[in-house]
Amino acid sequence: MSDAVRLGGPDQILSEEEITEFVVTQLAAIDFDGRSVCVLVPDATRTCPLPLLVGAVHRALHGRVSKLTVLIALGTHGAMSDEALAAHVGTYPGVEVRNHEWWDPSTFADLGTIPSSRIEELSDGRMSGDVEVLLNRAVVDHDIALVVGPVLPHEVVGMSGGNKYFFPGVAGQKIIDVSHWLGALITSAEIIGTTSLTPVRALINDGAALIPATKYALCVVTAEQGGLHSISFGDCISSWASAAEISAATHITYRDAPVRRVLSLIPSMYDEIWTGAKGFYKVEPIVADGGEVILYAPHITEIATSHPQIHEIGYHCRDYFVKQWDTFSHVHWGVLAHSTHLRGAGTYDAETGVERLRVAVTLATGIPEEVCRAVNLGYRDPATIDVAAFEADPETLVVPRAGEVLFRLRSGR
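Residues numbered from 1 in each chain as written. Predicted model: local features only at pLDDT ≥ 70, side-chain atom pairs only at ≥ 80, totals over all residues. Heavy atoms only, no water.

1. Structural notes on the overall build of the protein
When you go through the protein residue by residue, the secondary structure sums to 17 helices and 20 strands. Radius of gyration (C-alpha) of the protein: 21 Å, near the 22 Å computed for a compact globule of 413 residues. Dimensions of the protein, computed from the C-alpha atoms along their principal axes, are close to 65 × 50 × 40 Å. Of all intrachain contacts in the protein linking residues separated by at least 6 positions in sequence, the fraction that spans at least 24 positions is 77%. (Helix = DSSP H or I, 4+ residues; strand = E, 2+ residues; numbered from the N terminus. Rg over C-alpha atoms; globule rule 2.2 N^0.38 Å. Contact = heavy atoms within 4.5 Å.)

2. Examining the sheet that holds strand β13 (residues 259–265)
Overall, parallel pairing links the 5 strands, which are arranged β18-β17-β14-β13-β19 in an open sheet. Two strands bound the open sheet, and with one partner strand each, they are β18 (378–379) and β19 (396–399). Alignment of β13 against strand β14 (residues 287–297), held across 6 bridges, turns out to be parallel. Bridge pairing links L265 to Y296 in β14. (Pairing = 2+ DSSP bridges.)

3. Topic: the nonpolar core
Residues V139, F166, F167 and L342 are the most contacted members of the largest nonpolar core, which totals 98 residues. Looking at this core element by element, the count peaks at 8 residues for helix α6 (residues 173–186). Setting aside chain neighbours within four positions, we find V139 in contact with C38, L40, L71, A145, F166, V170, I211 and A213. Grouped together as the second largest cluster of nonpolar side chains are 41 residues, L53, Y92, I144 and L146 included. (Core = buried A, V, L, I, M, F, W, Y, C linked by side-chain atoms within 4.5 Å. Buried < 20%, exposed > 50% of the residue type's maximum accessible area, 1.4 Å probe, protein only.)

4. Here we look at the environment of V387
Structurally, V387 can be placed in helix α17 (residues 387–392). Counting along the chain gives 11 residues from V387 to V398, while the straight-line C-alpha distance between them is 7.7 Å. The contact partners of V387, leaving out residues within four places of it in the chain, are L263, L265, Y296 and V398.

5. A look at helix α9 (residues 236–250)
For α9, which comprises 15 residues, the first-to-last C-alpha distance of 21 Å matches the rise-based estimate of 21 Å (1.5 Å per residue) to within 8%. Taken as a whole, α9 has its buried residues at C236, S238, S239, W240, S242, A243, A244, I246, S247 and T250. If you check the start of α9, you find a side-chain oxygen 2.9 Å away from the backbone N of I237, and it comes from D235. (Expected span 1.5 Å × (residues − 1). Polar contact = N/O pair within 3.5 Å; in protein donor to acceptor, adjacent residues only side chain to side chain.)

None of this, on its own, says anything about what the molecule does.
Structure (structure tokens):
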């Protein structure tokens, strides 16, 4: 692994000219000539000046490469329309922009298997079984894979970005399920914001090692006021590590004491609870026992259109599923993981059937009350939310644009 090259830092805001020059200069030093390149980028659930970055990549590579494809790393999020893709990425001569069509089995190439022994090692014996490694064949069919996107605190892997754009970004269901459930077993509150090599990061690095394409990454750290704090270039591991260091300094806010209530204002880029739940993940560590998180998102009317199983199982703590594994093991583990991430810490007594949850989760959204109650979440009419009144309440923390900045207690829980 080589060291990444980085421009910027936690106290800087880079200009568009600096960013473009950096991208062009770094890519000019790599032998792209006559080779095909697949550029992996995030979907609209990540804040990132993507047209600027992809435009710089196009400027650096157009006319040099034999083929340039931009692949949206949807994971299992919904597809973006042609109009949305044009606004999100931009349009460029000679560039094909495509969704990762995770719902179509023909999308995938089989890269091999991660053996059960490795899964047992990474999970401390809590999981086993071989894991097939399926990846969007567009990555395999190109000579070079170039990841372009932000690094942020993440509930499953610790810090997003880097090889995560392959797994789960453009991966098959099995490795998505295993990686997410592995993270859920560790718990979101424990793993989120970790810059070291977490077991989930180790798993996706193992998967990425099977990719035949040469891999590079332009990993960026976004600034709250827009623009970028930094941009790093190198292989997918070193570039990610470089950006994670900056993200930890800019996207984690520390508090001295827990707060009774959090009102998370969910931005419009999250259009379902499947993604809007980040407004809970990022604040759970600072909420006092018995406290509440309110997700305020009048624009959200669905829990998860692509994952109807969540309506069957509802939202519960990790041990609710672990202690009834025979009942729930058939459910996609990624869905189980999402359930535990939003419901947070808690306990479940298998003998009495009593589940005790550390924090109350209330939806103030466009989702009907009966739907919220049916999935084991609280409900509040969004019309009753007075943001200014909550801001004046000393027991409430109001978080604008919730979902990307992580809140932690300075001395731990």
